[in-house]
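Summary of structural features
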Amino acid sequence: MIDRLGLTAATDARLLHQRGIASVDAHGRRYGSLPVEAFDGNGIVSTHEILRGDLAETLVDAVPSDVRFRWDDTVVGLDEDADGITVSFETAATSRFDLVIGADGLSSGVRRCAFGPDTDFLQPIGLRFAWFTATVDCDLDRWYLMHNAPGGRVVSLRPSRTDGTVKASLALRGSDDRPRHDRESQWQLFDDAFADVGWVAPQLLQQMRQADDWAYADLAQVRMNAFTSGRIALVGDAAYCPTPLTGLGTTLALVGAYVLAGEIQRADGDVARALVRYQQIMTPYLAQAQQLPPGGPAGYAPKSRAAIASSRLSYWAMKHWPVRNLVAPQFAKADGIDLPDYPLTTAK
Ligand SMILES: Cc1cc2nc3c(=O)[nH]c(=O)nc-3n(C[C@H](O)[C@H](O)[C@H](O)COP(=O)(O)OP(=O)(O)OC[C@H]3O[C@@H](n4cnc5c(N)ncnc54)[C@H](O)[C@@H]3O)c2cc1C
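Residues numbered from 1 in each chain as written. Predicted model: local features only at pLDDT ≥ 70, side-chain atom pairs only at ≥ 80, totals over all residues. Heavy atoms only, no water.

On to the sheet that holds strand E5 (residues 95-97). Taking strand neighbours across the sheet as the criterion, the 3 strands line up as E3-E4-E5 in an open arrangement whose pairing is antiparallel. Where the open sheet ends on each side, the last strands, each with one partner, are strand E3 (75-81) and E5. Averaged over neighbouring strand pairs, the angle between their axes works out to 30° when direction is ignored. (Pairing = 2+ DSSP bridges. Helix = DSSP H or I, 4+ residues; strand = E, 2+ residues; numbered from the N terminus. Axes fitted to C-alpha atoms, helices over the stretch in contact; angles between N-to-C directions.)

In structure tokens:
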């Protein structure tokens, strides 16, 4: 997708160049690793790792200068008629549009306005996740490091592009209806659950309250029979979030945006036809991309000591037959669509 959009040089300049993923014990000793080369550069860690913010900036920079952005606002009402849609915003004045595309992520406000409450579409997978930027006493040496503690608890660190910082995450099995904006209750959850976890967990618990990019999610898939309606379409996580466990969320978002744009261009003004085609093309692709990898949350965050001990072998097994043949299809799913060749005009 990035090649087709003419953004290869811009993204290459921001790649993280990670060396692979490795597991560490409670003392930070490495006991298993999967280098980036293990699946020809397309495995759990790929040759094309880019931070979400860096990718977003690259895409925004490529948008032609006559496109108008309205930052720090949100859609609060949609009123569709035969000729267009009247959109109400939280702060800006009400406006008319031909088409509304909701690309506002897992907790999409556009989805709530146009299609219904989150409970109709969100399917929690039983993993609560927090991530933020931290400074820890640990040299990653460009590796993604992960520590599994009993009880389905995971601490992980990934390289950042800013010297001296890392991208940290804490994950915990289970699901709850903790409010998305109630940070104190989220911090308390991790304080309580990770108090006895080793490695860098104490440093992360100490820093999480000061992180200015703290984010929390009760991971869920978005499953919708229809993610378009009249002149409204959803794209990316808003419509078909597969969860980070699949490693395919960004791919689906980019492919979805490409197909939607291409079909709108192809339909020559017939918006309704374009949206129907977009949904038809994406549906079979989503069916396989939304399947969780073998083991799902239990594979990512095993609960028992025995399961953690056996996972110590998993990186070794993944490099060899027959396990290699079982996991390889997960990494190949990104290419599971025959992309139409739209003559899109691209970056300025
Ligand atoms: C910890 C973690 C690790 C991940 N790792 C990977 C990975 O390795 N590979 C991969 O492919 N994917 C990964 N993903 C998933 C990936 O980040 C998402 O699938 C992808 O970002 C979806 O893009 P999107 O544009 O649909 O939504 P988002 O990236 O969520 O963007 C939505 C945007 O809408 C804005 N927004 C939200 N609500 C409103 C509102 N009401 N009004 C206005 N704006 C709003 C948000 O601020 C945000 O900027 C990971 C996700 C997480 C959480």
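Turning to the packing of aromatic side chains, a few remarks are in order. For the structure on display, the rule yields 12 aromatic pairs. Geometry around phenylalanine 89 places arginine 70 over its ring, the cationic atom sitting 4.8 Å from the centre. Residue placement shows arginine 158 over the ring face of tyrosine 144; its charged tip is 4.0 Å from the ring centre. (Phe/Tyr/Trp six-rings, centres within 6.5 Å; stacked < 30°, edge-to-face > 60°. Lys NZ or Arg CZ within 6 Å of the ring centre and 35° of its normal.)

As a matter of local geometry, the ligand sits amid 16 residues, with Arg52, Thr74, Asp237, Gly249 and Thr250 nearest to it. Within the backbone of glycine 247, an N or O atom sits 3.2 Å from an oxygen atom of the ligand. Glycine 249 is positioned such that a nitrogen or oxygen atom in its backbone is 3.4 Å from an oxygen atom of the ligand. Within the complex, 62% of the 1000 Å² of free accessible area of the ligand lies under protein. Of all the secondary structure elements, the ones that give two or more residues to the shell around the ligand are strand E7 (122-134) and helix H7 (249-266). Per-element tally for the shell around the ligand: the top contributor is H7, with 3 residues. Across the shell around the ligand, the residue classes break down as 6 nonpolar, 6 polar and 4 charged. (Near = heavy atom within 4 Å. Polar contact = N/O pair within 3.5 Å; in protein donor to acceptor, adjacent residues only side chain to side chain. Areas by Shrake-Rupley, 256 points an atom, 1.4 Å probe, with all protein chains shown as cover. Nonpolar A, V, L, I, M, F, W, Y, C, P; charged D, E, K, R; others polar.)

Further remarks concern the packing of H7 against helix H8 (residues 271-289). It is the contact of H7 with H8, at a shortest axis distance of 8 Å, that shows an interaxial angle of 155°. One element, H7, and the other, H8, form an angle in the roughly antiparallel class. Crossing angle aside, the handedness with which H7 passes H8 is right-handed. Along its contact with H7, which presents Thr251, Leu252, Val255, Gly256, Val259, Leu260, Glu263, Ile264 and Arg266, the element H8 presents Arg273, Ala274, Leu275, Arg277, Tyr278, Ile281, Met282, Tyr285, Leu286 and Ala289. A breakdown of the residues in the contact of H7 with H8 according to their chemical character gives 13 nonpolar, 2 polar and 4 charged. (Parallel < 35°, antiparallel > 145°, perpendicular 65-115°, else oblique. Left-handed = near helix turned anticlockwise from the far one by under 90°. Contact = heavy atoms within 4.5 Å.)

What follows deals with the domain arrangement of the protein chain. When cut into domains, the protein chain gives domain 1 (1-16 + 51-69), domain 2 (73-121 + 223-290 + 297-313 + 333-348) and domain 3 (123-220). Between domain 2 and domain 3, the C-alpha centre-to-centre distance is 27 Å. With 16 residues of domain 2 at the contact, the number on the domain 3 side is 20 residues. Of all residues in domain 2, Pro297, Tyr300 and Lys303 give up the largest surface area on contact with domain 3, accounting jointly for 37% of the area buried on that side. Inspection of the domain 2/domain 3 interface yields 0 salt bridges. (Domains from an automatic or database assignment. Buried area = accessible area lost by both parts, 1.4 Å probe. Salt bridge = Lys/Arg side-chain N within 4 Å of Asp/Glu carboxyl O.)

Here the focus is the pattern of salt bridges. Inspection of the entire model under this criterion finds 17 salt bridges. Across the pair aspartate 141 and arginine 19 runs a salt bridge whose closest N-O atoms are separated by 2.9 Å. In this pair, aspartate 141 sits in the loop between E7 and strand E8 (143-149) while arginine 19 sits in the loop between helix H1 (8-12) and strand E1 (20-24), placing the two residues 122 residues apart along the sequence. The class of aspartate 141 is partly exposed, set by a relative accessible area of 38%. A relative accessible area of 34% means that arginine 19 is categorised as partly exposed. Ionic pairing is found between arginine 266 and glutamate 263, a salt bridge with its closest N-O pair at 3.8 Å. (Buried < 20%, exposed > 50% of the residue type's maximum accessible area, 1.4 Å probe, protein only.)

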